[in-house]
Every structure is written in C-alpha cells, then in structure tokens.
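Overview (structure and organization)
Next come the chains, spelled out residue by residue.
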Amino acid sequence: MPAADNPVRVLLADDEALVRAGFRVLVESAPDLTVIAEAGTGAQAVRLARHLRPDVVLMDIRMPIMDGLEAMRIIATDPDTVATRVLVVTTFDQDEHVFAALRGGASGFVLKDTRPEDLLAAIRIVAAGDALLTPSVTRRLIAEFAQRPQRPAARGEELTRLTEREREVLIQVAAGLSNSEIARRLFVGVTTVKTHVSRLLTKLGARDRAQLVVVAYESGVVLPGAGPLVPGSDRS
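Residues numbered from 1 in each chain as written. Predicted model: local features only at pLDDT ≥ 70, side-chain atom pairs only at ≥ 80, totals over all residues. Heavy atoms only, no water.

Our next topic: the confidence of the model for the protein chain. Confidence in the prediction of the protein chain, expressed as mean pLDDT, is 81, and 79% of residues score 70 or more. For residues 226-236, every residue scores under 50 in pLDDT, and the model assigns this stretch 26 contacts once sequence neighbours within four places are set aside. (pLDDT = per-residue confidence, 0-100. Contact = heavy atoms within 4.5 Å.)

With their axes 8 Å apart at the nearest point, helix 2 (residues 42-52) and helix 3 (residues 68-77) run at an angle of 20 degrees to one another. Between helix 2 and helix 3, the interaxial angle falls into the category roughly parallel. Between helix 2 and helix 3 the crossing geometry is right-handed. From helix 2, G42, A45, V46, A49 and R50 reach across to helix 3, where they touch A71, I74 and I75. Of the residues contributing to the contact of helix 2 with helix 3, the split by class is 6 nonpolar, 1 polar and 1 charged. (Axes fitted to C-alpha atoms, helices over the stretch in contact; angles between N-to-C directions. Helix = DSSP H or I, 4+ residues; strand = E, 2+ residues; numbered from the N terminus. Parallel < 35°, antiparallel > 145°, perpendicular 65-115°, else oblique. Left-handed = near helix turned anticlockwise from the far one by under 90°. Nonpolar A, V, L, I, M, F, W, Y, C, P; charged D, E, K, R; others polar.)

Moving on to the pattern of salt bridges. By the definition in use, this model includes 13 salt bridges. Each of R20, R24, E28 and E38 takes part in one network of salt bridges that share partners. (Salt bridge = Lys/Arg side-chain N within 4 Å of Asp/Glu carboxyl O.)

We now examine helix 10 (residues 190-204). Between the first and last C-alpha of helix 10 there are 21 Å, a value that for 15 residues agrees with the 21 Å anticipated at 1.5 Å per step. Here helix 10 has its buried residues at V193, H196, V197, L200 and L204. The buried residues of helix 10 occupy an angular sector of 100 degrees when projected down its axis, which confines them to one face. Exposed and facing more than 90 degrees away from the buried side of helix 10 are T191 and T202. Phi turns positive, to about 65 degrees, at G205, one or two residues after helix 10. (Expected span 1.5 Å × (residues − 1). Buried < 20%, exposed > 50% of the residue type's maximum accessible area, 1.4 Å probe, protein only. Arc of directions from axis to C-beta.)

A few words on the nonpolar core. By size, the foremost hydrophobic cluster in this structure holds 29 residues, and its most contacted members are M59, M72, V88 and A101. For this core, the elements supplying multiple residues, two or more each, are strand 1 (8-13), strand 2 (33-39), helix 2, strand 3 (56-60), helix 3, strand 4 (85-90), helix 4 (98-104) and helix 11 (209-219). Every residue in contact with A101, bar those within four places of it in the chain, is listed here: I61, L69, M72, V88, A106 and F109. With 23 residues, the next largest nonpolar core counts L159, V173, A174 and L204 among its residues. (Core = buried A, V, L, I, M, F, W, Y, C linked by side-chain atoms within 4.5 Å.)

The subject of this paragraph is the sheet that holds strand 1. By way of backbone hydrogen bonds, the strands of a sheet pair with one another, either parallel or antiparallel. In space, the 5 strands of this open sheet follow the order 2-1-3-4-5, with parallel pairing throughout. Single-partner strands in this sheet number two, and they are strand 2 and strand 5 (108-111). For this sheet, the mean angle separating the axes of adjacent strands, direction not counted, is 25 degrees. Relative to strand 2, strand 1 runs parallel, the two being bridged by 6 bridges. Bridge pairing links R9 to T34 in strand 2. Relative to strand 2, helix 2 is tilted by about 135 degrees, and along the sheet it contacts strand 1, strand 2 and strand 3. Relative to strand 3, helix 3 is tilted by about 160 degrees, and along the sheet it contacts strand 3 and strand 4. (Pairing = 2+ DSSP bridges.)

In structure tokens form, the structure reads like this:
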C-alpha cells in the first residue's frame, strides 16, 4: 500500500456530477488515495490524463463527446500516459462493450454496485500494476464472448513462443483464476506461476493480466464452451 505522503493519484471520469462527487468522497476517505481531478467527458479525461498523468483513471464507458472506450485507447497508447492505468466502472449486465474495453487497454473492472471497500481495493490493485479481473467478471466476459458468431482470429506466431506449461497457465488466467488458485490446480508454487505470467506478458506483448484474457480468446487457446474454464468458489 502506498504511503500517505505518496498517495495513489486518481482521475475520476464520469458524465454524472453526482456520481463523481460520491466517488470523490469515498476515494478521499482513504489516506493512501487522492483525487487529483474530475472529467465529465472522455475528451476531457484524455486532456487531464496527459496534463496530470494520474496513476489510475476511474473511467465510465458511456460519456458524451468521446466515450470511455476511445478515451482509454488513447491513454493506453499515448507515450505520455502509457503508465496510467484505467479502471472501468460498468453496469456490465447492460454493457456490451466490456471485451472492447479490455482490448482498448482497461486494466480492470468494477461494477457500479460494488462495495465501497472493494472499490478502494480495486484502485490499489490496479495502481500496483496488477489487473483486476475477478471470476465473476470473467464469467460474464466469457458468456458475452460466447454469443459472438465469429471465431477468434488465429495468432499462430505468438503461440509458437509459448511452452506447454505457459499455455496451461494462460488457460487458467483466462478463467479468472488468481495465482494461488493456478498454483493449486497445476500443483506448482505461486512463485512459479508468477514467473510464467511474467513470461506470458513479455512473449505475447500484453500490457497486463487483463489483456492476456483477450489474447487467450483471440489466439484460439481458449474457446468459449470448450471446457470447464470458470473457476470455482475457492478464492482465498
């Protein structure tokens, strides 16, 4: 957790002022987090991100002028803001753009009805460079992807770089398992899993764990409905 004198700097991006006000009160209640600015449109979020370079942008998807998808794509690819992480706030059940958000550079998702303490934890996780892709979110992502008629695009060249164990780890990551869950399932140590995940990120050119899920589906390593991909309820 960051020290109170060096807090995680958060940019709030939502077109509803009341929602932003609620997020501000919550974030500012944590001594290790601080809100540095608010944006009411995607375009404003991009401008503020470039100027202030926040650690995390708490981003709504549906906003005027420029939506959150386009805003996060720009933030994720702009050299000035590439270190900024985007945490998407979504209703999810009503949002068909979750997969596009992953491809656009989102590092995680929180539902708008999430508990306050879980939102604060999510900001810290994303700020630390990890991805927030819980099993509940992954299950919904898999269900949404499974409804698509098109098959994943082949990415054979990328797959040839993977060892058999790395492919196994990638499949488990795509199911939303944590490192400890993967370790138990594959009968290896957590440190070993972390090493494999790090190598996957490098070999597949993925920004974080969330984008590994995208690669898993687009490469065909994982196909919706092809097997028991969804983890159980044994999270620790």
